[in-house]
Amino acid sequence: MRILIAPDSFKECLSANKVARSIATGIKKINPNHYIEEIPISDGGEGAIEFLKKNCDGKAVEHETENAIGNKILSEYFKFSNSKTAWIELSKASGLSLIKKKNRNPGLTSTYGTGLSINHAIKSGCSDIILSLGGSATNDAGSGIFHALGGKLLDENNKQIERGCESLIKIKQIKTPKYLNNIKFQIAYDVSNPLLGINGATKNYSRQKGATLDQIEKLEKNIFHFSQILKKDLKIDITKVKGGGSAGGTAAGLYGLLGAKLTNGFKLIAEFVNLEEKIKLSDIIFTAEGKLDYQSLNGKVPIELGKLAKKHKKTLICLAGSIEPPYENFYRNGISAIFNIQNKPISLGKSIKEAESQISDVSSRVFSFFEKIQ
């Protein structure tokens, strides 16, 4: 039997590599003789660099930058061999997991540190930048990145605004450095949400980044103002771009500010390993995600895998730390069965600590049943 294991990471808990290894361990307890291929995958967000290290020719480049609240940190990006292409993972500098919960505030956090990483890659000779989104602590529509690259977001006094979404309301004029016209930007978005509205960046994701209910409407207003100034100065409407809401509007912002091309992150990642062909050859596929809910339907790994599994009539098992109904939405998109990793009532904190053993245990039980009905 050919078994493909292709999970995403469990946010702030386990890397995709550890999730894949835990699933494989559970399967091998039942039968160690099957052919198992582990492809820890990403939707273009968290885990993209680890995926590239394992599957592509190139090297990780370590450098100093800042996290989303301005603290100095060491980060890395991936530079492909024999090319001028660098892959920057936004969560490596501007990620939510890099900030303590008490310091999370999407009104003040900034993507500036990710911009410093991009700048480092450009200065090292890269002219093609792939920026993968997901796991951000920010809601600044990529304005911090633009600032770090020398872009001007000017207030009524012709001065650079402060970083963060709260300051976007002050923008009166935008000026783009000419050198950026020579740099090609591609955005690997992790969700298909638009910039604004009930399903947009702010109203859909800012709560998990620390926003209060009172703050959300203000942040939405600031993002809207930014989009209107951009439309006035650069003649581009960023409000209806598919995937524009990714990473607190970074996708939409850079689409307008830098002319970035937006691409589904999962599809871009999948091409590197010829994932669809591997699915065609598999007898059963295991995937996993920390939380399976309505947000998963906007382009997350299990749903994208489900579409491919459905296309090729393959069985796809999805494991998750948390599952929210309606389950029909997941089955409709090609997932054959969904299993919670917990096997007893347990607190979130303890579940996170025991996640590897829980994943291994449920994998054993599920695979044992599957093997017997074949």
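Parameters at a glance
- Residues numbered from 1 in each chain as written.
- Predicted model: local features only at pLDDT ≥ 70, side-chain atom pairs only at ≥ 80, totals over all residues.
- Heavy atoms only, no water.
- Salt bridge = Lys/Arg side-chain N within 4 Å of Asp/Glu carboxyl O.
- Helix = DSSP H or I, 4+ residues; strand = E, 2+ residues; numbered from the N terminus.
- Buried < 20%, exposed > 50% of the residue type's maximum accessible area, 1.4 Å probe, protein only.
- Pairing = 2+ DSSP bridges.
- Axes fitted to C-alpha atoms, helices over the stretch in contact; angles between N-to-C directions.
- Contact = heavy atoms within 4.5 Å.
- Core = buried A, V, L, I, M, F, W, Y, C linked by side-chain atoms within 4.5 Å.
- Expected span 1.5 Å × (residues − 1).
- Phe/Tyr/Trp six-rings, centres within 6.5 Å; stacked < 30°, edge-to-face > 60°.
- Lys NZ or Arg CZ within 6 Å of the ring centre and 35° of its normal.

### Thoughts on the pattern of salt bridges
Then step 1. Using the criterion set out here, one finds 17 salt bridges in the structure.
Then step 2. Glutamate 66 is paired through a salt bridge with arginine 163; the nearest N and O atoms lie 3.0 Å apart. With a gap of 97 residues between them, glutamate 66 in strand S3 (residues 58–66) and arginine 163 in the loop between strand S7 (152–154) and strand S8 (173–175) connect regions that are remote in the sequence.
Then step 3. With a relative accessible area of 34%, arginine 163 lands in the partly exposed category.
Then step 4. If you follow the salt bridges from partner to partner, you end up with Glu50, Lys53, Glu76 and Lys92 in one network.

### Points about the sheet that holds strand S13 (residues 337–340)
Then step 1. With parallel pairing, the five strands of this open sheet are ordered in space as S2-S1-S11-S12-S13. Looking along the sheet, the strands with just one partner apiece sit at the ends: strand S2 (35–38) and S13. Neighbour-to-neighbour, the strand axes of this sheet turn through a mean angle of 20 degrees, independent of strand direction.
Then step 2. Where strand S11 (residues 284–292) and strand S12 (residues 315–323) come together, eight bridges link them in parallel fashion. Directly across from glutamate 289, in S12, lies its bridge partner alanine 320.
Then step 3. Along the sheet, helix H11 (residues 301–311) makes contact with S11 and S12, crossing S11 at roughly 155 degrees.

### Some thoughts on helix H8 (residues 246–258)
Then step 1. Among the 13 residues in H8, twelve count as buried, and that is most of the element.
Then step 2. Looking at H8, one finds that the buried residues are Ser246, Ala247, Gly248, Gly249, Thr250, Ala251, Ala252, Gly253, Leu254, Gly256, Leu257 and Leu258.

### Topic: the nonpolar core
Then step 1. Of all hydrophobic cores here, the largest spans 46 residues; its most connected members are Ile118, Ile129, Leu131, Ile174, Phe185 and Phe226.
Then step 2. Those elements that provide at least two residues to this core are strand S5 (85–89), helix H4 (112–123), strand S6 (128–132), helix H5 (143–148), strand S9 (184–189), helix H7 (213–234) and H8.
Then step 3. Beyond its immediate stretch of four places on either side in the chain, phenylalanine 226 contacts Ala141, Leu153, Leu168, Ile171, Ile174, Ile238, Gly253 and Leu257.

### Observations concerning the sheet that holds S3
Then step 1. Spatial ordering of the open sheet is given by S3-S4-S5-S6-S9-S10, a layout of six strands whose pairing is mixed. At either margin of the open sheet sits one strand with a lone partner, and together these are S3 and strand S10 (261–264). Shown here is a sheet whose adjacent strand axes are inclined to one another by a mean of 25 degrees, direction ignored.
Then step 2. Relative to strand S4 (residues 72–80), S3 runs antiparallel, the two being bridged by nine bridges. Its bridge partner lying in S4, glutamate 62 is registered against glutamate 76.
Then step 3. Here H4 sits on the sheet in contact with S3, S4, S5, S6 and S9, set at roughly 130 degrees to S3.

### Description of H7
Then step 1. Its 22 residues give H7 an end-to-end C-alpha distance of 32 Å, which sits within 8% of 32 Å, the value for a rise of 1.5 Å per residue.
Then step 2. Within H7, burial applies to Gln215, Ile216, Leu219, Glu220, Asn222, Ile223, His225, Phe226, Ser227, Ile229 and Leu230.
Then step 3. For H7, the secondary structure elements touched by its buried residues are S7, S8, helix H6 (201–205) and H8.
Then step 4. In the stretch just after H7, lysine 235 is the one whose phi turns positive, near 60 degrees.

### Let's talk about the packing of aromatic side chains
Then step 1. As enumerated under the stated definition, the model contains three aromatic pairs in all.
Then step 2. Ring centres of phenylalanine 78 and phenylalanine 80 lie 5.0 Å apart, and the angle between their planes is 80 degrees; this geometry places the pair in the edge-to-face category. Across the pair, exposure class does not vary: phenylalanine 78 and phenylalanine 80 are buried alike.
Then step 3. Aromatic ring contacts, followed pair by pair, group Phe78, Phe80, Trp87 and Phe272 into a single cluster.
Then step 4. Its end group placed over the ring of tyrosine 112, arginine 163 keeps NZ or CZ at 3.5 Å from the ring centre.

The analysis is restricted to geometry; functional conclusions fall outside its scope.
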